[in-house]
Amino acid sequence: RVIEAGGRPLIPGALDVHTHVREPGFSHKETWATATAAAAVGGVTTIFDMPNTDPPTANAAAVREKIAIAGPQAHVDFGVYGYVGEANLADLQPMAEAGASAFKLFLGSDNPLVPCPNDGAVLDALALIRETGLRCTVHAENTPILNWRGAQMKAAGRDDLAAHLAQHADIATVEAVQRIALFAEWTGCKIHIAHENCRHALPVIAAAKRRGVAITAETCPHYLLLSMDDAERAGGNALRVKPPVREAGHAEALWAALLDGTIDMISTDHAPHPVEEKHRASIWETSPGFPGVETSMRLMLTEVAAGRLTLQHYVRLACEAPARAFGLWPRKGALLVGTDADLVLLDLDHRETIRGATFQSKGKVTPFEGRETEGRAAMTFLRGTCVAQDGEVIAPPGTGRSLQPP
Ligand code: DOR
Ligand code: ZN
Ligand code: ZN
């Protein structure tokens, strides 16, 4: 599975099934050009964009519009998610026909652009999505429970990241994962649990897999490598993200779940915000999320160097598993040869310190600021063309394509 090229390993291009590109609507946070440039230098050759843009990607016209905006800017290949809501059940099939690669359900949302549908509508939506054959990614977090806790903490004058935690954060995740696994079981819809952060949800996912539910799950480098103890070191509110990075002890269980197959893949939840939205005095006013597509491979190769996982295992988590789950294997995620090949030539010896100021992404605030990494993508090839080399983008915008050509 790993080919040596001049002593350097050649692996498939990575897929990131969880990125927030921000256009249309939030070009000040990120553009298709900057997000896909970040992906290219990070060794990621396929991204899936989340639908919480303005307008949200909630009908066939919005899917077509997003693909039209993305195409001329893209440095890597891309899929777009269709939003699942109460008001657009009749739009699900048309979105699939218009080129959506998957669906996204916010089972818990504070964003009025993409509200959380009621449970009856969720059940109907999963039945409809099953007919499209596509997978539904789920932000599984019971936000009323978290918001109740947040309101109490705010009233008590608590303004630290740990105010998000405690039992409420555990139950918010476990309950939502349990509920959506049940709905998937009854409808036969393929689901994917986004950004798993909580050790208590892992037995729930494992049990659903044992029952034969078509469920996959991802976690992200920040849940594997950071804990609430890093909040201070990360500087201000850089670490604020939904769902929250948890107390020490959760990460170890997430690593075990990667090794035993309960968690199938690594994504990034790349969620860039401008500096002024991250450095607000109160956490309650700080935008959640940070860029990730540029640093994920570097961070995970550093763990490979440390002996925490093998390179072969990393390739399964970052390339093969997402391609299989989202119906792209072996066109994506496999070690192909020829003009269709998405490949990354690794430099395992490259040492560098993470500095947000150097990012291609417009999001410059990262909780990994100052972290030393070992290993990176030296050259990224998209369908045979070298699109990035040594941290620089070298192919023009428009080299990337939609996964679902119209
Ligand atoms: O931290 C987050 N940021 N979590 C989400 O669910 C949304 C995302 C964003 O769009 O900024
Ligand atoms: Zn989410
Ligand atoms: Zn997200």
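Residues numbered from 1 in each chain as written. Chains lettered and ligands numbered in written order. Predicted model: local features only at pLDDT ≥ 70, side-chain atom pairs only at ≥ 80, totals over all residues. Heavy atoms only, no water.

Novice: What's the story with the site of ligand 1 in this structure? I'm lost.
Specialist: The environment of ligand 1 is made up of His20, Arg22, Asn52, His139, Val241, Lys242, Ala271, His273, Pro288 and Gly289. In this structure, Lys242 approaches ligand 1 through a main-chain N or O atom, which is 2.8 Å from a nitrogen atom. Within the backbone of Gly289, a nitrogen or oxygen atom sits 3.4 Å from an oxygen atom of ligand 1. The fraction of the free accessible surface of ligand 1 (290 Å²) that becomes covered by protein chains is 89%. For the shell around ligand 1, the per-class residue count stands at three nonpolar, five polar and two charged. (Near = heavy atom within 4 Å. Polar contact = N/O pair within 3.5 Å; in protein donor to acceptor, adjacent residues only side chain to side chain. Areas by Shrake-Rupley, 256 points an atom, 1.4 Å probe, with all protein chains shown as cover. Nonpolar A, V, L, I, M, F, W, Y, C, P; charged D, E, K, R; others polar.)

Novice: Would you explain the coordination of the zinc ion (ligand 2) in this entry?
Specialist: Metal coordination angles in their ideal form are 109.5 degrees for the four-donor tetrahedron and 90 or 180 degrees for the six-donor octahedron. Looking at the zinc ion (ligand 2), one finds its protein donor set to be His139 (ND1) and His195 (NE2), positioned 2.0 to 2.1 Å from the metal centre. The zinc ion (ligand 3) is placed at 3.4 Å from the zinc ion (ligand 2). With His139 in strand E7 (residues 136–140) and His195 in the loop between strand E8 (191–193) and helix H7 (202–210), the pair connects residues that are 56 residues apart, well separated along the chain. You can call His195 buried: its relative accessible area is 3%. (Donors = N, O, S within 2.8 Å, 3.2 Å for Na, K, Ca; no water. Helix = DSSP H or I, 4+ residues; strand = E, 2+ residues; numbered from the N terminus. Buried < 20%, exposed > 50% of the residue type's maximum accessible area, 1.4 Å probe, protein only.)

Novice: I'm lost on the nonpolar core in this one. Help?
Specialist: Across soluble globular proteins, nonpolar side chains have a tendency to be buried as a group. Counting 98 residues, the largest nonpolar core has Ile47, Cys136, Ile180, Ile191, Met297 and Tyr314 as its most contacted members. Counting residues in each nonpolar core, the second largest holds 13 residues, with Leu15, Val17, Met50 and Ala102 among its members. (Core = buried A, V, L, I, M, F, W, Y, C linked by side-chain atoms within 4.5 Å.)

Novice: Quick question: what am I supposed to make of the coordination of the zinc ion (ligand 3) here?
Specialist: Around the zinc ion (ligand 3), the donor atoms from the protein are His18 (NE2), His20 (NE2) and Asp269 (OD), and they sit 2.0 to 2.2 Å away. Mapped onto the sequence, the residues coordinating the zinc ion (ligand 3) show the spacing H-x1-H-x248-D. The exposure class of Asp269 is buried, given its relative accessible area of 6%.

Novice: Please explain the sheet that holds E7 as it appears in this structure.
Specialist: The pairing of strands in a sheet happens through backbone hydrogen bonds and is either parallel or antiparallel. The sheet built from eight strands is open, its strands ordered E3-E4-E5-E6-E7-E8-E9-E10 with parallel pairing. A strand with exactly one partner marks an edge of an open sheet, and here the two such strands are strand E3 (14–19) and strand E10 (265–266). The pairing of strand E5 (residues 77–83) with strand E6 (residues 102–107) spans three bridges and is parallel. Counterpart to Gly82 in the pairing with E6 is Phe103. Seen against the sheet, helix H13 (residues 311–325) touches E3, strand E9 (215–219) and E10 and runs at an angle of roughly 65° to E3. (Pairing = 2+ DSSP bridges. Contact = heavy atoms within 4.5 Å. Axes fitted to C-alpha atoms, helices over the stretch in contact; angles between N-to-C directions.)

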